[in-house]
Amino acid sequence: MLQEGPVIYHVTLCQPVKRDLHHSTVEHGFPNQPSALAYDPKLQLMAIGTKSGAIKIYGAPGVEMTGLHKDTAAVTQIHFLYGQGRILSLLDDNTIHLWEIVQRENRSHLVEVHSFNLPGRPGIESTSATRVTVMLLKLSCDLLALGTEGGGVHFLELPTLTLLNKSLFQDEIMQSIPEEYKCGKSLGPVESLQQHPQDSDKILIGYSRGLVVLWDLNSRHVDNLFLGKQQLESLVWERSGNSFVSSHSDGGYMLWAVSSSNPCTHDPISSTIPYGPFPCKAVNKILWRTTESGSPLVLFSGGMPRASYGDRHCLTILQDSSHVTLDFTSRLFLCLTEFDDPSALVVLLEEELVVIDLQMAGWPTVPAPYLAPLHSSAITCSCHISNVPPRLWERVISAGQQQCPLQNYENWPLCGGKNLAADPKPKELLLTGHEDGTVRFWDASGVSLKPLYKLSTANIFQTDGDHNDSLTQAGEEEWPPFRKVGCFDPYSDDPRLAIQKISVCKYSGKLVVAGTAGQVIVLVLSDEKSDHMIDVATVDLLQDREGFTWKGHDRLPPKSGSVVFAPGFQPVVLVQCMPPAAVTAVTLHAEWNLIAFGTSHGFGLFDYHRRSPVCTLHPNDSLAMEGPLSRVKSLKKSLRQSFRRIRKSRVSGKKRVVVNSPTSKVQEANAQLAEHDAEVTPVQRRIEPRSADDSLSGVVRCLCFADTFLRDGTHHGPTMWAGTNSGSVYAYALDVPSQEKFSEQSVEALLGKEIQLMHRAPVVSIAVLDGRGNPLPEPYEVSRDLAKAPDMQGSHSVLIVSEEQFKVFMLPKVSAKTKFKLTAHEGCRVRKVALSNFTSVSSEEYSENALVCLTNLGDIHVFSVPALRPQVRYDCIRKEDISGIASCVFTKTGQGFYLISPSEYERFSLSARVITEPLCRVDVERPHDLSAHR
């Protein structure tokens, strides 16, 4: 590593164990376990509370703020103080908190300024009696009413959260109730509080038993009683204040008239059970909105027939003769709209946020520019692309727009605040592979992770779900008028479709995805629709292996005949590995028209231009042969028999060394390393060698292509490298024809060299370094003048990372140069690694390459390359968070992503120069600025 220049390593990340959302990180995706929703129509902001105690504010894309309560109690309710940039939150520990948006360093932050806990009446009320069930914020924002489980209503002065001596208890209400209605029963908890739309001094109080009271705050007098007999769920005023609507546990709602001439009303004007007459579930929430057309807009959640659709999560919209039942795939929490002539309906679900356009005919959904549910199908793998070429970016966006023609984010109703971050020039893509066989493309350039395009691989196979779908569609009924809404769909038609590995060439628009049933699909980006057959090639990785019977799942049968493909990534060839085990590694070299793939049964090399396999090899087969290099196109039975003899001789302890073979030199190098390893210093842990007979030893963990020196020190050429779970590394020299002769000549593989790591630790990564110690450029980078040509004059080296240590070997002799024993020094194992480039903050011209490593303890280590000197170490992920560690992906610029929940990525940066963080400002004017005095 170069020694001059400034220090460039720096970390900006958070500790998830404390859920301390550091300002220099950002969370992408949908909040995990949301529990509350609020909307400020004046500031055009939305707030979401979660069960972990977080409050997240969203406005225009890029406008995001997060606050975290000191105690990790669930947020049960949140309310904006309209236009003031203040938020009230109620937690399930019965505490109330006031938050303010404040300006610091010319950007907005969310800070807590007050908290309050409602005390009970000593000797009279139990703790549960003072438990807050509902909050009502007066439109003047100077008074907060609290309904409790004991039936009391308490009042707090805002913004100081001071308890006023105005509390209303049930015994005061009971004095006004007719004797025949009392029946000696309690009124139950307060279920709803609603301010009178025309008289701010009157509030509607709804009790669980069904009684509704219109209460005058000034005179402390009951103006009207409404003697409901059905258990109450929610209340809503009609805009004039002459009537209100109540929803109930029997699946119905009632319209009540409010008249000063009739202070005690026994029966409603009308009572409706929309989905009766059979028993229905409760209507949990109802909204009644006035519109310019004169016809009220009625929205309610629940109310489904209990026997037939009781398990559905539905929201009904009614207006005149229009009736639609929105059918969601996850539990519905809250829905919000404006009071008069609403333009949009915001629906918070357990797994996603859905916005409905109420102005357009048919009430279509509005695509969200952020908060997309990353886990609409469970994420199985991910891949990050830095510095996306403009042409690729435009083509991916174009393909996405043709998939969803209505995907216009300009109609997004939340446009509050201002995003201060500059428009990111280098574009970034995050690709996520999913359980349902899809690959989703996300704009990861900034704070908002925006969906761009979705690729599905299921349409090229005959899956288990095809027949079931047709039966379901044929049997659907006309009533209720269901309409599927939302994209969260956790159920996969066929688990074999799940994507396991992704490899992309960003310059040629080629993509390789590999799945659970041994399928490897090569796709090419096309701007036109296509109708074509897919070439299918079967590659037998075991080739005449005796005594083996595959007992796993069958392969996915490809569809016969041509298939129609929309513009975007279209498959050109399907390579089916046999046995159909999950693909564990895949890599692509578009300039050579080659892909390499591996499973637990071996690895293969495939020429997708000629649609032909080049060679296959089982990892337990040795490469120690009689010549320096043996040319093969495929491994014959006799060759495999000789391999077995070699393997048996090794097991018996009689190690055969072939004179003048490349492997003998590897063994000499390994022997020297073994002698060196024997000198264990007191600070190191001795690592016991692993058994060679491990059933997982054949799993191929990593593959890579490189143009380097393998045959001798003067002639470089294409090579392929493979690393296995048993600590073996195999190197192939490849004979790749020139571009003009691709169609005439086939690629040939020359079995080259084998490196056996002494402790047989799984090989996690392999990378070839040029004469200056820099990673080799990607395919097409040099030929298109997009990167400096690698140093082909000095000696190349190969960096091999196992779970226990890093080693650099000189090429072509494969002599050990340097190493770092991570497990011996730190007591941890490698889980994820990447070579990243760190650019200096002070000078864009100066940069260094480094090896970034995430361990099983959740910490990140940075090492210089190729010297392997430790630079820094940071705590990043909780060691108990196994799925978070397994999901981590590093970028080439020193950033990283990992899943902190099934629906959220945490983004962190190890670079002082490349940091993605929310930079936004929300300007507010408010009386009594509490935060200014703190």
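Residues numbered from 1 in each chain as written. Predicted model: local features only at pLDDT ≥ 70, side-chain atom pairs only at ≥ 80, totals over all residues. Heavy atoms only, no water.

What counts is decided by this rule: UniProt positions are given in the numbering used here, feature names are shortened, and annotations may be inferred rather than shown by experiment.
You'll find the protein entered in an unreviewed UniProt entry as LLGL scribble cell polarity complex component 1, with Cyprinus carpio carpio given as the organism. Checking UniProt for the protein, the heading Sequence similarities (unreviewed entry) contains the comment "Belongs to the WD repeat L(2)GL family."

1. Describing the overall build of the protein
Put simply, the test is: A run of H or I in DSSP counts as a helix once it spans at least four residues, and a run of E counts as a strand once it spans at least two, with each numbered from the N terminus. Each residue gets one of three labels from its accessible area relative to the maximum for its type: buried under 20%, exposed over 50%, partly exposed in between, using a 1.4 Å probe on protein chains only. We call two residues contacting when some pair of their heavy atoms lies within 4.5 Å. Per-residue and other accessible areas were derived by the Shrake-Rupley procedure at a 1.4 Å probe size, with only the shown protein chains allowed to occlude residues.
Scanning the protein for helices and strands turns up nine helices and 65 strands. Counting across all 934 residues of the protein, residues that qualify as buried make up 57%. Contacts spanning at least 24 positions in sequence make up 58% of the contacts within the protein whose residues lie at least 6 apart. As presented, the protein carries roughly 39,400 Å² of accessible surface, and 49% of it is formed by carbon and sulfur atoms.

2. Some thoughts on helix 4 (residues 390–403)
The line we're drawing: Multiplying 1.5 Å by the helix residue count minus one yields the expected span of that helix.
Over its 14 residues, helix 4 extends 20 Å from the first C-alpha to the last, a length consistent with the 20 Å expected when each residue adds 1.5 Å. Residues Leu392, Trp393, Arg395, Val396, Ala399 and Gly400 constitute the buried set of helix 4. Residues of helix 4 that are buried in the fold lie against strand 34 (429–434), strand 35 (438–443), strand 36 (450–456), strand 40 (519–526) and strand 44 (568–578).

3. Re the nonpolar core
Put simply, the rule reads: In these notes, a set of buried Ala, Val, Leu, Ile, Met, Phe, Trp, Tyr and Cys residues joined through side-chain atoms within 4.5 Å is what counts as a nonpolar core.
With 32 residues, the main nonpolar core has Leu431, Phe441, Ile502, Leu511 and Phe569 as its most contacted residues. Considering each element in turn, this core owes the most residues, four residues, to helix 4. Setting aside its immediate chain neighbours within four residues, Phe569 contacts Val396, Phe441, Tyr453, Leu455, Gly509, Lys510, Leu511, Leu523, Val524 and Leu525. Counting 24 residues, the second largest nonpolar core, distinct from the first, contains Leu136, Tyr181, Leu187 and Val213.

4. Quick notes on unusual backbone geometry
Following Gly276, the chain continues to Pro277 via a peptide bond in cis, the omega torsion being 5°. Pro866 follows Val865 through a cis peptide bond whose omega is 5°. Counting through the fold element by element, Pro866 comes out in the loop between strand 60 (859–864) and strand 61 (870–875). A positive phi is found at Leu161, a non-glycine position, where the angle reads about 55°. Positionally, Leu161 belongs in the loop between strand 13 (153–157) and strand 14 (162–163). Judged by relative accessible area, Leu161 falls into the buried class, the value being 5%.

5. Describing the UniProt feature "repeat: WD" (unreviewed entry) in the protein
UniProt feature "repeat: WD" (unreviewed entry): in the numbering of this structure it lies at residues 429–443. This span, residues 429–443, is 0% helix and 80% strand, and a straight line between its end C-alpha atoms measures 5 Å.

6. Some thoughts on the sheet that holds strand 21 (residues 253–257)
Selection criterion: Think of it this way: DSSP has to see at least two bridges between two strands before they count as a pair. Between N-to-C directions, angles cover 0 to 180 degrees, with each direction set by a line fitted to C-alpha atoms, over the stretch in contact for helices.
Here we have four strands laid out as an open sheet, ordered 19-20-21-23, and antiparallel in their pairing. Two strands lie at the open edges of the sheet, namely strand 19 (232–237) and strand 23 (270–272), each paired on one side alone. Neighbour-to-neighbour, the strand axes of the sheet open up by a mean angle of 20°, direction not taken into account. Relative to strand 21, strand 20 (residues 243–248) runs antiparallel, the two being bridged by five bridges. Paired with Val245 across the strands is Leu255, a residue of strand 21.

7. Observations regarding the packing of aromatic side chains
Defined as follows: Classification of ring pairs rests on two measures: the distance between centres of Phe, Tyr or Trp rings, Trp counted by its six-membered ring, which must be within 6.5 Å, and the angle between planes, read as stacked under 30 degrees, edge-to-face over 60 and tilted in between.
The final tally for this structure, using the stated rule, is 22 aromatic pairs. Each ring, one from Phe226 and one from Trp256, has its centre 6.0 Å from the other, and the planes form 75°; the classification is edge-to-face. With a gap of 30 residues between them, Phe226 in strand 18 (residues 221–227) and Trp256 in strand 21 connect regions that are remote in the sequence. When sorted by exposure, Phe226 lands in the same class as Trp256, which is buried. An aromatic cluster is built from Phe226, Trp237, Phe244 and Trp256, whose rings are joined through pairwise contacts.

8. Digging into the side chain of Glu803
Here Glu803 lies in the loop between strand 55 (797–802) and strand 56 (805–810). Residue Glu803 is classed as buried on the basis of its relative accessible area of 9%.

9. What about the pairing of strand 35?
The element strand 35 is largely enclosed, with a buried count of six among its six residues. Burial along strand 35 is two-sided: the face carrying Thr438, Arg440 and Trp442 and the face carrying Val439, Phe441 and Asp443 are both buried. Bridge count between strand 34 and strand 35: five bridges; the pairing is antiparallel. By the bridge assignment, Gly433 is partnered in strand 35 with Val439. Hairpin connection from strand 34 to strand 35: three residues lie between these consecutive antiparallel strands, with Gly437 at a positive phi of about 85°. Of the pairings in the sheet, the one linking strand 35 to strand 36 comprises six bridges and is antiparallel in character. Along strand 36, the bridge assignment pairs Arg440 with Lys454. In sequence, strand 35 turns back onto strand 36 through a hairpin of six residues.

10. Things to note about the side chain of Glu781
To be explicit about the condition: By the counting rule applied here, Lys and Arg register as positive and Asp and Glu as negative, while His and the ends of each chain are not counted. The salt bridge criterion pairs a side-chain nitrogen of Lys or Arg with a carboxyl oxygen of Asp or Glu, the two atoms within 4 Å. Pairs of N or O atoms within 3.5 Å make up the polar contacts considered here, provided that, within protein, one atom can donate a hydrogen while the other can accept it, and that residues adjacent in sequence are counted only when both atoms are side-chain atoms.
Looking at the element boundaries, Glu781 is found in the loop between strand 54 (763–769) and strand 55. Of the side chains with opposite charge, Lys506 comes closest to the buried, unpaired Glu781, at an N-O distance of 4.8 Å. At 2.8 Å, the side chain of Glu781 and the backbone nitrogen of Glu778 are in polar contact. Those residues in contact with Glu781 that lie beyond four places of it in its chain are Tyr507, Leu786 and Ala787.

11. Structural notes on the pattern of salt bridges
For the structure on display, the rule yields 25 salt bridges. Note that Arg873 and Asp859 form a salt bridge whose closest N and O atoms lie 3.0 Å from each other. Here Arg873, found in strand 61, pairs with Asp859, found in strand 60; they are 14 residues apart in sequence, far enough to count as distant. A residue is classified by how much of its surface remains accessible, and Arg873, at 43% relative accessible area, is partly exposed. Taking relative accessible area as the criterion, Asp859 reaches 4% and is therefore assigned buried.

12. A short note on the environment of His861
Structurally, the position occupied by His861 is in strand 60. Apart from the residues lying within four places of it in its own chain, the contact partners of His861 are Leu822, Glu826, Cys828, Leu851, Val852, Cys853, Thr855, Val872 and Arg873. At a separation of 3.4 Å, a polar atom in the side chain of His861 contacts the side chain of Asp859.

13. Describing the sheet that holds strand 42 (residues 535–540)
The five strands lie next to each other as 38-39-40-44-42, forming an open sheet whose pairing is mixed. Bordering the open sheet on either side are strand 38 (499–505) and strand 42, each of which pairs with just one other strand. On average, adjacent strands in this sheet sit at an angle of 20° to one another, irrespective of strand direction. Looking at chain direction, strand 38 and strand 39 (residues 510–515) are connected through six bridges and run antiparallel.

14. Comments concerning the environment of Met792
One can find Met792 in the loop between strand 54 and strand 55. The buried category is assigned to Met792, whose relative accessible area is 18%. Sequence separation between Met792 and Thr708 is 84 residues, and the spatial gap between their C-alpha atoms is 8.0 Å.

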